[in-house]
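Listed here are the chains, written in short residue letters.
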Amino acid sequence: MKNHIASAAVLLFFLYASTVFASDGGKLSTAINDFSQRLDGKIRKEGESVVYSPYSIHSALAMASVGAKGETLKEMRSVLSLTTLGDATNSAYHDLIKKLNSAPYATVLKRLKNTFRNEIETQYLGNVSKFDFGAKGGPEKAVNDYVEKKTNGMIKNMLDEVFVCQVKMMHTEEDFDWKYDSDISSQVLKMDFFGRRFALYIVLPKEHETDINSLEKALDGMGITGIFQGLANIPLRVNVPKFKIATKLDMTPILKDLGMKQAFGPSADFSGLATMVIELSPRLDKVIHQAVIEVRETGTVAAAATVGIMQVMSRPRLEQQFTADHPFLFFLRNSETGQVLFRGKFTG
């Protein structure tokens, strides 16, 4: 990692860096959700808990694409489902980030183009500045300290793992939005918080009829939009585990597998990002993502960070119960915009 950063001309990273407290509400949200579903097929593993923020990953790459040109830009937009939005992507993100009140952060070492800087600052509401990569502790420490600070200590050692911490079940009896979805043989529970601005959706398969892996595969074909529709508010006895999940992912092979190959190769065209010496141009070297979610009685806390490193190179009734005592999927969603901010799987 040290060698890569030392030779990098540009280091970009987007932070959804706050406790979760989203937009055109249309094409951009649809693009992120479509990217999310395709991404899930590459990330998930049988029998393992996982959490990630498709919004954080998508935003970081959209920001990097501001400096992309030609086939590199075309390929990135295709993978990010932004082909239809095209040049309107940046203004759509401007509206979304403004509503989220969580701006990205871009840091540069040298020769950043003014056009790129202006687009990041005006459309993505980002901060563009420099890190002291020569400080004690090396270049990783500068990034790790910044991410830890912006996520209130939830994410540490960004540039250096999956862990699951389960505690006791939460029990409550009150009115919740709920449904039984026969198409996926699962119950869906919506738990509102922060003044109903955000909601945690838990998708619980009917035990012994639909296991968690079958549910995930079913959603590959039908998408996730239907999960959030048709719920009814009913009295419900709810038993849900308190849990904490953290996941760190090397997104590089995953993005390549999705079709984003040129941005990582010698033919990458990021000429709109920085002014380079003759015969030199930047390319994406690594994309690293880390996310944490903690579900507890007082609410849900989640944070995520995505780092893109660029390298310079040659060119019912109360009797109805919802007891989550077996694996389930979960989605953290902005109730105002419909944007899925975090999604994951809890396997116990």
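Positions within a chain are numbered from 1, following the residues in the order the chain's sequence is written. In keeping with the predicted nature of the model, local features appear solely for residues at pLDDT of at least 70, side-chain atom pairs appear and are counted solely at 80 or more, and the whole-chain, interface and lining totals rest on all residues. For the side-chain quantities, the full set of heavy atoms in the structure was used; hydrogens and water were omitted.

Peer 1: So what exactly am I meant to see when it comes to the pairing of strand β12 (residues 328-334) here?
Peer 2: Sheet faces and side chains relate simply in a regular strand, where the side chains alternate between the two faces. A simple rule labels every residue: compare its accessible area, found with a 1.4 Å probe on the protein chains alone, to the largest value its type can have, and call it buried under 20%, exposed over 50%, or partly exposed in between. Only DSSP runs of H or I reaching four residues or more are called helices, and only runs of E reaching two or more are called strands; each is numbered from the N terminus. Of all seven residues in β12, seven are buried, a share of seventy percent or more. On β12, burial covers both faces: F328, F330, L332 and N334 on one face and L329, F331 and R333 on the other are all buried. Strand pairing is assigned whenever DSSP detects at least two bridges linking the two strands. Direction of pairing for strand β7 (residues 198-205) relative to β12: antiparallel, over a ladder of six bridges. Its bridge partner being in β12, L200 is matched across the sheet by L332. The sheet contact formed by β12 and strand β13 (residues 340-346) spans six bridges and is antiparallel. Its bridge partner lying in β13, L332 is registered against F342. What sits between the antiparallel neighbours β12 and β13 is a turn of five residues, in which G338 has the positive phi angle 80°.

Peer 1: Quick question: what am I supposed to make of unusual backbone geometry here?
Peer 2: For residues besides glycine, phi is generally negative; the peptide bonds are generally trans as well. In this structure, S81 takes a positive phi of about 60° despite not being glycine. Note on placement: S81 falls in the loop between α4 (70-79) and α5 (89-100). A positive phi angle, close to 50°, is found at S185, a residue other than glycine. On the secondary structure map, S185 appears in the loop between β5 (163-181) and β6 (186-193). Given the relative accessible area of 18%, S185 is considered buried.

Peer 1: I keep staring at the pattern of salt bridges and nothing clicks. Help me out?
Peer 2: In the sections that follow, a salt bridge refers to a side-chain nitrogen of Lys or Arg positioned within 4 Å of a carboxyl oxygen of Asp or Glu. According to the stated counting rule, one finds 14 salt bridges in the structure shown. Between R296 and E294 there is a salt bridge; the shortest N-O distance is 3.4 Å. Of the residues examined, R296 reaches a relative accessible area of 35% and is grouped as partly exposed. Given the relative accessible area of 22%, E294 is considered partly exposed.

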